[in-house]
Amino acid sequence: MSLINKVLRDLEARERDEQAPQSRPVLADLRAAPESLERPRVSRATWLLFAVLIVVIAVVVAWTIGRKSVRAPAAVVARASIAPPKAVPVAPSAVASPKARASQAILRARPLAKPAHTRVFVSSARPPATPHQVTHRARPASASISRHRKPLTATEQAQAAYRRAVQALQAGDSGEARAALRAALRARPASLRPALLLATLDIQGAHLRGARQVLQAALHAHPHALPAVMLLAQVDLRQGRPADAARTLGGAQALGAASHSFWALLAAARLRAGDQTGALSAYRNGLKRFPGDGSLWVGEGLVESQMGHTGRADLAWRQALHCPLTPVLARFVQAQLQGGGAPQKR
């Protein structure tokens, strides 16, 4: 108040001086102003407003600190809900405001309630696995699959065994292949492909008795299977029974009409059985359907030569030279055309 009164008195004195006659020198107005006028001081109202602002800022800071202390992270609150925290004494100086001290007192007096986001956090965590679950996960997947897999049918078992046999043959293991083929026939005795492959392996391995049994069973289930007929004829020829081979093949001419190998085999069986006429007929029937087959021409020339028909034999052998021939047959034909000399290389 003294400062304000002083300023008012100075103003009144200045007004009196301006109304008085100008008797004083001009330089008197240029004297130094009082210190109170050069440096105006802040009024009491300003100081009061500044103090109020400081108090408001302190209250806001204290409220923010108290709110952060209540909203702890979900993991910390979850651990606090499982094991209640121990009360920690708080010094009065550590609290910034009365409101913050009240919030700390509430936290110490009342256990923390699990907020909604904490429950979501805990429920999303994977619970520990029970022993039953651990055992179930440790069980191999193949065991559960095999337990629910349907048993294979006889046809599927035969097909699987046949595939194993083919893989064994590709690996060069004929013994394993024969065992797999027998397993296929045990699963499905009427299977044709395993029977034909097993008979072929038996013929190559000179197991002719086993090959005959397999082929007879295959022909009983598939009487029109031409490959089985031809394999059985080869077994008869190897066992020295060309007449049986010729008879077996002769009854299947309708089936083998479209196969040049069938006519060559039938002619060879008849020729070995002593039936030259029947052999010549078989070669000619084959050549009617396959005129470009060189082996049939060679066979006809051989039969004509044995029957004493030299001219016809030469014609057949010359015709064979115009057809694809193996090196062995080509050398044989050239030797016969040269009058029975040593075979010449082509």
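Residues numbered from 1 in each chain as written. Predicted model: local features only at pLDDT ≥ 70, side-chain atom pairs only at ≥ 80, totals over all residues. Heavy atoms only, no water.

Engineer: How would you summarise the overall build of the chain if you had to cite specific residues and measurements?
Structural biologist: Summing up its helical and strand segments, the chain has 20 helices and 0 strands in all. When contacts within the chain are restricted to residue pairs at least 6 apart in sequence, long-range pairs at least 24 apart make up 45% of them. Just so you have it, the chain exposes about 24000 Å², and 59% of that area is on carbon and sulfur atoms. (Helix = DSSP H or I, 4+ residues; strand = E, 2+ residues; numbered from the N terminus. Contact = heavy atoms within 4.5 Å. Areas by Shrake-Rupley, 256 points an atom, 1.4 Å probe, with all protein chains shown as cover.)

Engineer: Mind laying out the pattern of salt bridges, listing which residues take part and the relevant values?
Structural biologist: Note on pairing: side chains with opposite charge can pair once their charged atoms come close. Tallied over the entire structure, the rule returns 7 salt bridges. With its nearest N and O atoms 3.7 Å apart, the salt bridge here joins Asp236 to Arg241. Overall, Asp236 belongs to the buried group, its relative accessible area being 3%. Under the relative-accessibility criterion, Arg241 is labelled partly exposed at 33%. Linked by salt bridges that have partners in common, Arg212, Asp236, Arg241, Asp244 and Arg247 make up one network. (Salt bridge = Lys/Arg side-chain N within 4 Å of Asp/Glu carboxyl O. Buried < 20%, exposed > 50% of the residue type's maximum accessible area, 1.4 Å probe, protein only.)

Engineer: An account of unusual backbone geometry is requested, with residue identities and associated values reported.
Structural biologist: Even without a glycine there, the phi angle at Ala206 is positive, about 65°. The residue Ala206 is located in the loop between α11 (192-204) and α12 (208-221) in this model. Its relative accessible area of 59% is what places Ala206 among the exposed residues.

Engineer: Before we move on, could you go through the packing of aromatic side chains and cite the residues and values that matter?
Structural biologist: Taken as a whole, this structure holds 2 aromatic pairs when the rule is applied. Ring centres 5.5 Å apart and planes at 75° place the aromatic pair Phe262 and Trp263 in the edge-to-face group. Across the pair, Trp263 and Phe262 agree in class, each one buried. Between Trp317 and Phe332, the ring centres sit 6.2 Å apart and the planes meet at 85°, which makes this aromatic pair edge-to-face. Remark: Phe332 occurs in helix α20 (residues 327-337) and Trp317 occurs in helix α19 (residues 310-321); sequence separation between them is 15 residues. The partly exposed category is assigned to Phe332, whose relative accessible area is 29%. (Phe/Tyr/Trp six-rings, centres within 6.5 Å; stacked < 30°, edge-to-face > 60°.)

Engineer: Quick one: what's the story with the side chain of Ser259, residue by residue and with numbers?
Structural biologist: Counting through the fold element by element, Ser259 comes out in the loop between α15 (253-256) and α16 (260-272). By relative accessible area, which is 18% here, Ser259 ends up buried.

Engineer: Can you break down the packing of α12 against helix α13 (residues 226-238) residue by residue, with the values?
Structural biologist: Interaxial distance between α12 and α13 falls to 10 Å at its minimum, and their mutual angle equals 150°. Viewed along their axes, α12 and α13 adopt a mutual orientation that is roughly antiparallel. α13 is crossed by α12, and the crossing has left-handed handedness. Contacts between α12 and α13 involve Leu208, Ala211, Arg212, Leu215 and Leu219 from the former and Ala228, Val229, Leu231, Leu232, Val235, Asp236 and Arg238 from the latter. Taken together, the residues of the contact of α12 with α13 break down into 9 nonpolar, no polar and 3 charged. (Axes fitted to C-alpha atoms, helices over the stretch in contact; angles between N-to-C directions. Parallel < 35°, antiparallel > 145°, perpendicular 65-115°, else oblique. Left-handed = near helix turned anticlockwise from the far one by under 90°. Nonpolar A, V, L, I, M, F, W, Y, C, P; charged D, E, K, R; others polar.)

Engineer: Describe helix α14 (residues 242-250), and please don't skip the residues or the numbers.
Structural biologist: Of the positions making up α14, those classed as buried are Pro242, Ala245, Ala246 and Leu249. The buried residues of α14 occupy an angular sector of 100° when projected down its axis, which confines them to one face. If you follow the buried residues of α14, they end up packed against α13, α15 and α16. (Arc of directions from axis to C-beta.)

Engineer: Any chance you could break down the packing of α19 against α20 for me, citing the residues and the numbers?
Structural biologist: Two numbers describe how α19 lies on α20: the axes approach to 10 Å, and their chain directions differ by 140°. The angle between the axes of α19 and α20 places the two elements in the oblique class. In this structure, the crossing between α19 and α20 has a hand that is left-handed. Together, Asp314, Trp317, Arg318 and Leu321 of α19 and Phe332, Val333, Gln336 and Leu337 of α20 make up the contact between the two elements.

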